[in-house]
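Chain and residue survey
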Amino acid sequence: MNIHEYQGKELLRRYGVAVLDGHVAWTAEEAAEAARKLPGPVYVVKSQIHAGGRGAGRFKEDPNGKGGVRVVKSVDDVKAAAEAMIGKTLVTKQTGPAGKVVSRVYVEDGCDIKRELYLSLLVDRDSSRIVIMASTEGGMEIEEVAEHNPEKILKAVVDPASGVSGFHCRKLAFGLGLEGKQVASFTKFVTAMYKAFVELDCAIVEINPLVVTGAGEIVALDAKVSFDDNALFRHKDLEALRDDSEMDPKELEAVKHDLNYVALDGEIGCMVNGAGLAMATMDIIKLYGSSPANFLDVGGTATAERVTEAFRIITSDSNVKAILVNIFGGIAKCDMIANGIVVAAKNLTLSVPLVVRLEGTNVDLGKKILAESGLAIIPADNLADAAEKVVRAVKGAN
Ligand code: ADP
Ligand code: MG
């Protein structure tokens, strides 16, 4: 789960991570109000969307105008900048051409920037540990640095038993060319960020840029905070920070029904139980020459209601040209799944071909229910047969 920059900064501030003063504003008037609470004379107005590249982004309504992050020098200019952002659609490298509507801005104290650096913490799957990454190339996308100048990325792998130590911090600080009091400020920053990362069960915290101020302090100018969804049950307060308007509506619907759903851009809607089987199903669709419109794991306890919800989500996607149901009946028996499919297919009046492959407990009964339903369901006997049939159905439909 992702949150907005201002929310991320608020959380990090509680852990003692150095961030600047700022206030969120939903209207231009509130933005002016927010600016009056700051010392000035320099203010920064920042569009709040779940995507980076805002500074270089442009508004659809004013493609030749300024970007989504603006440095201004008076309260009136703060108001004008907020006016130009709120309710408008910001297009950045990360939003895709559709862009995202800015519903609120963050009004922040202006910073005297001496250097822009990069810092992030993430869970590294190779080492199964938290890795701290740093680079002198602040403001650049780290993926680009990794591609063109991988030697400019510094890493420190943290042992979870001992946690982050002065050694890690000094190694990174010297690699970044920090000196004097900057090293102590950096150490305090990284230590606080590590504590926040662990306690909040984060998946990634990216500070880009991390700046060295004229006074030699280390401060977070941007903050991208993302939580591990599987740990959110431990943080009810964080769940309240979820911004539904930032999510794909299909994915939001899936979260509500406890379905594991990821929207993709292919043409075959998949309904599968178990993440491994779902991955295999997506692979075999590719192998037979088409591509999946989604990843969908209805879980081990697939019930008729969940099958119906899953169908509803899949069929709401206009890219879907055919549906492949691939269910292994274990705890959820095939006859029950078959009944669920029949009810859902009748209720939703499916307008695309539906291929069903069932296997496992009560499979014969399940197949019989489908065959006798009177619905135009294409039965399949195994994974390859199912993939071949669904791809053929799509090609026929095109
Ligand atoms: P994004 O990554 O989405 O473009 P950032 O928060 O990184 O947004 O801001 C873009 C740039 O704007 C930063 O690299 C920095 O140069 C400038 N900037 C952001 N916040 C401030 C601030 N409080 N004071 C001065 N400059 C800022
Ligand atoms: Mg940034």
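Residues numbered from 1 in each chain as written. Chains lettered and ligands numbered in written order. Predicted model: local features only at pLDDT ≥ 70, side-chain atom pairs only at ≥ 80, totals over all residues. Heavy atoms only, no water.

**Things to note about the coordination of the magnesium ion (ligand 2)**
This is how the line gets drawn: Each metal's donors comprise the N, O and S atoms found within 2.8 Å of it (within 3.2 Å for Na, K or Ca). Water is not part of the atom list, so some coordination spheres may appear incomplete. Numbering of helices and strands runs from the N terminus; a helix is a DSSP stretch of H or I covering at least four residues, while a strand is a stretch of E covering at least two. Burial classes follow relative accessibility: with a 1.4 Å probe on protein chains only, a residue under 20% of its type's maximum area counts as buried, one over 50% as exposed, and anything between as partly exposed.
Donor atoms from the polypeptide that coordinate the magnesium ion (ligand 2) comprise Asn208 (O) and Asp222 (OD), at 2.2 Å from the metal. One end of the pair, Asn208, is in strand β11 (residues 202-213); the other, Asp222, is in the loop between β12 (218-220) and β13 (224-227), with 14 residues separating them in the sequence. For Asn208, a relative accessible area of 14% puts it in the buried group.

**Overview of the side chain of Thr281**
Basically, it comes down to this: Any two residues whose heavy atoms approach within 4.5 Å at even a single point are treated as in contact.
The residue Thr281 is located in helix α9 (residues 275-287) in this model. You can call Thr281 buried: its relative accessible area is 0%. If sequence neighbours within four positions are ignored, Thr281 has contacts with Val272, Leu324, Asn326 and Leu383.

**With respect to the pairing of strand β8 (residues 113-124)**
What counts here: One bridge is not enough; two strands pair if DSSP finds at least two bridges between them.
Here β8 pairs with β11 via eight bridges, running antiparallel. Residue pairing for β11: Leu122 is matched across the bridge by Ile204. Where β8 lies against strand β9 (residues 129-135), seven bridges are found, and the strand directions are antiparallel. Counted as the bridge partner of Leu122 is Val131 from β9. Linkage of β8 to β9, two consecutive antiparallel strands, is achieved through a turn of four residues, within which Ser128 is found at a positive phi near 55°.

**Topic: the UniProt feature "domain: ATP-grasp" (unreviewed entry) in the protein chain**
Going by this rule: UniProt positions are given in the numbering used here, feature names are shortened, and annotations may be inferred rather than shown by experiment.
Mapped onto this numbering, the UniProt entry gives "domain: ATP-grasp" (unreviewed entry) at residues 9-236. Segment residues 9-236 splits into 28% helix and 30% strand. End C-alpha atoms: 18 Å apart.

**As for the site of ligand 1**
To keep it simple, the criterion reads: Summary of the distance rule: residues count as near a molecule or strand when at least one heavy atom falls within 4 Å of that molecule or strand. Residues adjacent in sequence count toward polar contacts only when both atoms are side-chain atoms; beyond that, a polar contact is any pair of N or O atoms within 3.5 Å, and within protein one must be able to donate a hydrogen and the other to accept it. A 1.4 Å probe and the Shrake-Rupley method give the accessible areas. Residues count as covered only by the protein chains that appear here.
Close to ligand 1 lie 18 residues, the nearest being Lys46, Arg54, Gly55, Glu108 and Glu116. Glu108 has a polar side-chain atom sitting 2.8 Å from a nitrogen atom of ligand 1. Measuring from an oxygen atom of ligand 1, one finds a backbone N or O atom of Asn208 at 3.2 Å. Relative to its unbound accessible area of 540 Å², ligand 1 is 83% covered by the protein chains. Of all the elements in the fold, those that place two or more residues in the shell around ligand 1 are β2 (43-47), β7 (105-109), β8 and β11.

**Comments concerning the sheet that holds strand β4 (residues 69-72)**
Stated formally: Every axis corresponds to a line fitted to the C-alpha atoms, with the helix fit spanning only the stretch in contact, and the corresponding angles, defined between N-to-C directions, vary from 0 to 180 degrees.
Strand order in the open sheet formed by four strands is β1-β7-β2-β4, and the pairing between neighbours is antiparallel. Each end of this open sheet is capped by a strand with a single partner; those strands are β1 (22-25) and β4. Pairs of neighbouring strands in the sheet enclose a mean axial angle of 20°, with direction left out of account. Two strands pair when backbone bridges link them, and β2 and β7 are joined in this way by five bridges, in the antiparallel orientation. Each residue of the ladder has a partner; that of Tyr43, found in β7, is Asp109. Contacting β1, β2 and β7, helix α1 (residues 5-14) runs over the sheet at an angle of about 50° to β7. Helix-sheet contacts for helix α2 (residues 28-36) involve β1, β2 and β7, and the interaxial angle to β7 is about 20°.

**Description of the UniProt feature "binding site: ATP" (unreviewed entry) in the protein chain**
Here the UniProt-annotated "binding site: ATP" (unreviewed entry) positions come out as Lys46, Gly53, Arg54, Gly55, Glu108, Cys111 and Glu116. Tracing the backbone shows Arg54 in the loop between β2 and β3 (58-59). Beyond its immediate stretch of four places on either side in the chain, Arg54 contacts Glu5, Lys46, Ser47, Gln48, Ile49, Gly67, Gly68, Val69, Leu90, Thr92 and Asp222. Within the structure, Arg54 has its side chain in polar contact with the backbone oxygen of Ser47 (distance 2.9 Å). With respect to the helices and strands, the residue Glu108 is situated in strand β7. Apart from the residues lying within four places of it in its own chain, the contact partners of Glu108 are Lys9, Leu20, Asp21, Gly22, Leu38, Tyr43, Val44, Lys46 and Leu221. A polar side-chain atom of Glu108 sits 2.6 Å from a polar atom in the side chain of Lys9.

**Considering the sheet that holds strand β5 (residues 89-91)**
Taking strand neighbours across the sheet as the criterion, the three strands line up as β3-β5-β6 in an open arrangement whose pairing is antiparallel. In this open sheet, the two edge strands, each paired with only one partner strand, are β3 and β6 (100-101). As judged from the two bridges shared by β3 and β5, these two strands associate in the antiparallel manner. Opposite Arg58, over in β5, you have Val91 as the bridge partner.

**Things to note about the packing of helix α10 (residues 304-315) against helix α11 (residues 334-348)**
Between two packed helices, both the angle of their axes relative to each other and the distance between the axes serve to describe the pair. Cut-off, in case you're wondering: When describing relative orientation, an angle under 35 degrees is termed roughly parallel and one over 145 degrees roughly antiparallel, while 65 to 115 degrees is termed roughly perpendicular and anything else oblique. Crossing handedness: left-handed means the near helix sits turned counterclockwise from the far one by under a right angle, and right-handed means the same turn made clockwise. Ten residues, namely Ala, Val, Leu, Ile, Met, Phe, Trp, Tyr, Cys and Pro, are considered nonpolar, four, namely Asp, Glu, Lys and Arg, are considered charged, and the remaining ones, Gly among them, are considered polar.
Viewed as axis vectors pointing N to C, α10 and α11 meet at an angle of 45°, and their least axial separation amounts to 8 Å. Accordingly, the angle class assigned to the pair α10 and α11 is oblique. As α10 runs across α11, the sense of the crossing is right-handed. From α10, Ala304, Val307, Thr308, Phe311, Arg312 and Thr315 reach across to α11, where they touch Met336, Ile337, Gly340, Ile341, Ala344 and Leu348. Of the residues belonging to the contact of α10 with α11, the class tally is eight nonpolar, three polar and one charged.

**Examining the side chain of Glu246**
Structurally, Glu246 is set in the loop between α7 (236-239) and α8 (249-256). Take Glu246: its relative accessible area is 14%, and that puts it in the buried class. Contacts of Glu246, omitting those with residues within four sequence positions, involve His4, Gln48, Ile49, His50 and Lys100.

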